[in-house]
Amino acid sequence: MTRHRTLWILLVAFVLLPLAAQGEEGRKPWTPEELWRLKPVGGLALRPDGAFVAYQVTETSFEKNSSRTHVRVVRTDGTGDRRLTWATRGSDSAPAWSPDGRELAFLSSRVDGNQIYLLPFEDGGEAHQVLDFPGGVDEFLFTPDGKALIFAARTWPGCGNDLSCIRKKDDEKKRRKVTALTHEHLLYRHWDAYEDGKVQHLFRASLDGGSPVDLTPTLTWDALTFWLASMGREFDITPDGKWIYFSGKQADDQAVSYDYQIYRVPVTGGPVEEITTNPASDMLPRISPDGKTLAWRASRRPGYESDRYELMVRPVAGGDARSLTASLDVSVARIYWDPRGTALYFDGEDKGDIVLYKVSPKGGKITPVLDGEKTGRGCHVSSQISKDGKFFTFMY
């Protein structure tokens, strides 16, 4: 049996309070001021060679009523922890390594919304902005060859690849003296964010320069699953770099439908194809390292948002879908492949803990990997496995 070592990344950097010396009678409840002194950690990104982990830390100023996030890096042996980004305004977050591990990309709100920046890690140097997309970028992923980025962003219908068109309509909206909006259909608001006419599309941007290419110009509704329903990045790229698989909801009854499906589109652009036909939800597509198998999470009952999710697989070339977790009384959350393609890992909540499970893509025994017995009771989240399969990184 393969043994894994684990690198523990604390979810919160605690400020130690001198309570022990005070005795039981000296203990006091936490105050808001003390709570804000904690420094939450997130955005773990394991470098492809397994030598470093990049992550983000948020620091809050109770006095200034503000918070800032920056990116740090630490070796996987626990040494060399250091800060990488020093923006004088805005926050830096969501680090991601280039496929060769020589550069680190991240999102920064230094300018108009979150923009993608690239930091030379091996050779040293300053971070530079990759593109200036009006309104900012939602999330991104390197293509396997490291020559381009696939990202999600909001655009105006009809603007296509014309960034000046997007900026013009953004400016017109800002100049309007009347801020009231007219809605002729549901859904008109997501929580506290009103729909303003923009729609989320997927784009490709070459790192050699040039304008981004809108890969989903024909979509009426947002390309990706709404973030509150999501368990991670809702798109993936095939290892050969030819296709993007993504999950979203294109039903006209957006307010009541929970019919999320998986689609694919060529990386170079072209027709969007619907891959799944399940009347319930299909989300979080993940392509196997050999490019032959599609895995995703799916529910069975149409329209039921709180249904249990199962881990599904089927050949990329087509064929019947199979559930790998039909007998497991756990709802599947985030999923990812073992780098060698021999197993699938997924998060699931069990008895108040978040556990990482492992199962063969052929089916069979489901094994807890990070759970209360092996690593302590609690939430094991944002796990990643090294390319050689010898260790995990995760937050706890």
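Residues numbered from 1 in each chain as written. Predicted model: local features only at pLDDT ≥ 70, side-chain atom pairs only at ≥ 80, totals over all residues. Heavy atoms only, no water.

Engineer: Explanation requested: the state of the cysteines in the structure shown.
Structural biologist: A disulfide bridge is the covalent bond that connects two cysteines by way of their sulfur atoms. For the structure shown, the criterion picks out 1 disulfide. Shown here is the disulfide that connects Cys-159 with Cys-165, its sulfur atoms set 2.1 Å apart. In this structure the cystine formed by Cys-159 and Cys-165 twists about its S-S bond by roughly -65°; its chirality is therefore left-handed. (Disulfide = S-S within 2.5 Å.)

Engineer: Can you walk me through the side chain of Thr-143 in this structure?
Structural biologist: By secondary structure assignment, the location of Thr-143 is in the loop between β11 (137–142) and β12 (148–155). Judged by relative accessible area, which is 6%, Thr-143 ranks as buried. Polar contacts involving the side chain of Thr-143 include one to the side chain of Asp-145, which spans 2.7 Å. (Helix = DSSP H or I, 4+ residues; strand = E, 2+ residues; numbered from the N terminus. Buried < 20%, exposed > 50% of the residue type's maximum accessible area, 1.4 Å probe, protein only. Polar contact = N/O pair within 3.5 Å; in protein donor to acceptor, adjacent residues only side chain to side chain.)

Engineer: When you look at helix α2 (residues 163–175) in this model, what are you seeing that I'm missing?
Structural biologist: Each α-helix turn comprises 3.6 residues. Residues three or four places apart therefore point the same way. End to end, α2 covers 18 Å across 13 residues, agreeing with the expected 18 Å (1.5 Å per residue, within 8%). Within α2, the full set of buried residues consists of Leu-163, Cys-165, Ile-166 and Asp-170. The buried residues of α2 occupy an angular sector of 160° when the element is viewed end-on, so they sit on one face. Exposed positions of α2 whose direction lies more than 90 degrees from the buried face are Lys-168 and Arg-175. (Expected span 1.5 Å × (residues − 1). Arc of directions from axis to C-beta.)

Engineer: Explain the sheet that holds strand β9 (residues 113–120) to me, please; I cannot follow it from the model alone.
Structural biologist: The strands that make up a sheet pair up through hydrogen bonds in the backbone, lying either parallel or antiparallel. If you walk across this open sheet you meet the 4 strands as β7-β8-β9-β10, and the pairing is antiparallel. Taken across any chain shown, the strands that pair with only one partner, and hence form the sheet edges, are β7 (92–97) and β10 (128–129). As paired strands, β9 and β10 are joined by 2 bridges and run antiparallel to one another. Opposite Leu-118, over in β10, you have His-128 as the bridge partner. (Pairing = 2+ DSSP bridges.)

Engineer: How should the pattern of salt bridges be read in this particular structure?
Structural biologist: For side chains of opposite charge, pairing can occur when their charged atoms come near one another. The full count for this structure, using the stated rule, is 20 salt bridges. Arg-102 is the salt-bridge partner of Asp-123, the closest N and O atoms lying 2.7 Å from each other. With Asp-123 in the loop between β9 and β10 and Arg-102 in the loop between β7 and β8 (103–111), the pair connects residues that are 21 residues apart, well separated along the chain. Since its relative accessible area comes to 36%, Arg-102 is described here as partly exposed. In this structure, the salt-bridge partner of Arg-154 is Asp-222, at a minimum N-O distance of 3.4 Å. With a gap of 68 residues between them, Arg-154 in strand β12 and Asp-222 in the loop between β16 (213–214) and β17 (235–237) connect regions that are remote in the sequence. Via salt bridges that share partners, Arg-47, Asp-49 and Glu-122 belong to a single interconnected network. (Salt bridge = Lys/Arg side-chain N within 4 Å of Asp/Glu carboxyl O.)

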